[in-house]
Structures are given as C-alpha cells and as structure tokens.
Amino acid sequence: MARIEDIVEEEQTLGNEEGAEGMALEDTRHEPIIILKDVVKEYKSGSVALNNVSLRINKGEFVFIVGASGSGKSTLMKLLFREVDATSGSIYVNGFFVHRIRRKQIPRLRRTMGVVFQNFRLLKDRSVYDNIAFAQKAIATPGPRIRKRVPQVLSMVGLMEKVHANPTELSGGEQQRVAIARALVNKPLLLLADEPTGNLDPNNSWEIMKLLDAINKMGTTVVVVTHNHEIVDAMKKRVITIEKGEIISDEQRGGYTHG
C-alpha cells in the first residue's frame, strides 16, 4: 500500500503535468480511499477546527470518529466532501485530490460517496420513492435504471412497504433508513455518516448501526462520526479520537475512552 508521502509526491507530479486540475489515479484498487496530510482548517473567526491532522483510511474499513462537541469531527467530514475548504494540507478521497479540484468538479467527487446526516435532510414534499430517485436524477440516470435501483435499496434497508409514504409519516428510525437508501442508491464506494443516530432512541440507533455494519460487509467503506459511547464500545471497530482539532488516538478494535 502506498504511504501518505507517496500520495503527496504523486499529487505534486500530477499538478505539474496536468495544470493542477486535481483529478488523479484512474486505478485506485491498491490505494487508500482517504488520506489527510498535515490538514489545517481555520475559520475566518480565527477558530482553528483542525490542526495538522494526518490520517489514512483504507478501502473496506469501518471507522468511528469520536470526540467532544467542537473537537473538529464534523469539520473533518465536511472537508471530505468539500462542503468547506482546508486552510492548508493535502486531502485525497477516492481518486480525487480534494483540496485541488475546481468547483465545477465537486459534483463528480460527491458522486463517488454517499453522505448521511443527523437530521436526515429528506424532502418533505416528496414520497420516499421520489426522495431516493432524486439522487439518481441528479446525475441523469435513465428512468428504467431508477425504477430498478430504488426498490433494490429500499429492500436493502427494509422499507419497501413505505415506498409511497411521505417522510412526515415515518418514525425517526425509518427516516434515517430512507436517508441511508438515498446515500446508497448510486452505489458509492464510500459512505460518510455524521451523527446518524443523534436523533434516535437506543433501539433505532442499534438498528441503524447494524445496517451500516451490513453495508460495510458488502464492501463499502464506512466512516461514522458519533457521540454514542455504547455503540462505539460494543462494535469494536477502528476508532479515531479527536480533541481540540488534533488526533489523540487511533486504535483498531477501539472504544470510546476519551471525552
């Protein structure tokens, strides 16, 4: 597997040869899916959310990112799908040098991943089917493919009977399942989940985590930001702990031992 230094060196070579377009690595089968190297994020207020963060996540991993509120966890996630820009450092995600790509290329980056949020972000004026189909229409997927794929992901998350329901008619756990189905409909290699159980009761929280675990076992890389100590401790996955914008621990089969 390539080292972080190798990726950064290759980035510099590509930037010189291709005019710093930010696109990279057509064949990434033997590369990590996420690399951060010396990443700093400082907001205009002067607040430093991340300070010289370096990490590497390989394809197929399930990783928890934990820490207290304000530690920098959500900022890290936003950097990965380019909702915010890094102040400095290198970010590589799934074939893209994220910190270098032009704004018009951001949709291409986001098509390689699915993102799940704490507050679901569903369209309340559309049915469950239409919420999921919307993600495929956004990338101009042909109608026949949409009609085939949407029932597939609804079956995967156990909600086929809710296909015509409105999100307001669903429980919190069901709404999060719809959000996960939407995140999966374009078959992403990477799934990012920012506090996916934050608005759910314990039973629904466990059901969502079991679903994410099953998705990971099918080959999707899963990265989860969470405050849920019980789930992190019980699942024994890789755990990266952030405190005051810095990684203070990174443990395989770890637990929520800080904050």
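Quick caveat: nothing in here was measured; it's all calculated off a predicted structure. (Residues numbered from 1 in each chain as written. Predicted model: local features only at pLDDT ≥ 70, side-chain atom pairs only at ≥ 80, totals over all residues. Heavy atoms only, no water.)

**A short note on the sheet that holds strand β7 (residues 190–194)**
Consideration 1: If you trace the 6 strands from one edge of the open sheet to the other, you get β6-β7-β8-β3-β9-β10, paired in mixed fashion. Two strands bound the open sheet, and with one partner strand each, they are β6 (113–117) and β10 (246–251). Ignoring strand direction, the axes of neighbouring strands in this sheet form an average angle of 15°.
Consideration 2: Note: strand β3 (residues 62–66) against strand β8 (residues 221–225), 4 bridges, orientation parallel. Looking across to β8, one finds that Phe 64 is bridged to Val 224.
Consideration 3: In the packing of helix α2 (residues 73–80) onto the sheet, contacts are made with β3, β6, β7, β8 and β9 (238–243), and the angle to β7 comes to roughly 150°.
Consideration 4: On the sheet, helix α6 (residues 172–184) packs against β6 and β7 and is oriented at approximately 165° with respect to β6. (Pairing = 2+ DSSP bridges. Helix = DSSP H or I, 4+ residues; strand = E, 2+ residues; numbered from the N terminus. Axes fitted to C-alpha atoms, helices over the stretch in contact; angles between N-to-C directions. Contact = heavy atoms within 4.5 Å.)

**Describing the sheet that holds strand β2 (residues 48–57)**
Consideration 1: The sheet built from 4 strands is open, its strands ordered β2-β1-β4-β5 with antiparallel pairing. The strands lining the two open edges of the sheet, one partner per strand, are β2 and β5 (96–97).
Consideration 2: Judged from the 5 bridges that link them, strand β1 (residues 34–42) and strand β4 (residues 88–93) form a sheet pairing that is antiparallel. By the bridge assignment, Val 40 is partnered in β4 with Ser 88.

**What about the packing of α6 against helix α7 (residues 202–217)?**
Consideration 1: For the pair α6 and α7, interaxial distance at closest approach is 10 Å and the crossing angle is 15°. If you check the angle between α6 and α7, you find them roughly parallel. Two packed elements cross with a definite hand, and for α6 against α7 that hand is right-handed. Of α7, the residues touching α6 (which contributes Gly 173, Gln 176, Arg 177, Ile 180 and Leu 184) are Asn 204, Glu 207, Ile 208, Leu 211, Leu 212 and Ile 215. (Parallel < 35°, antiparallel > 145°, perpendicular 65-115°, else oblique. Left-handed = near helix turned anticlockwise from the far one by under 90°.)

Don't take any of this as a statement about function, it's just geometry.
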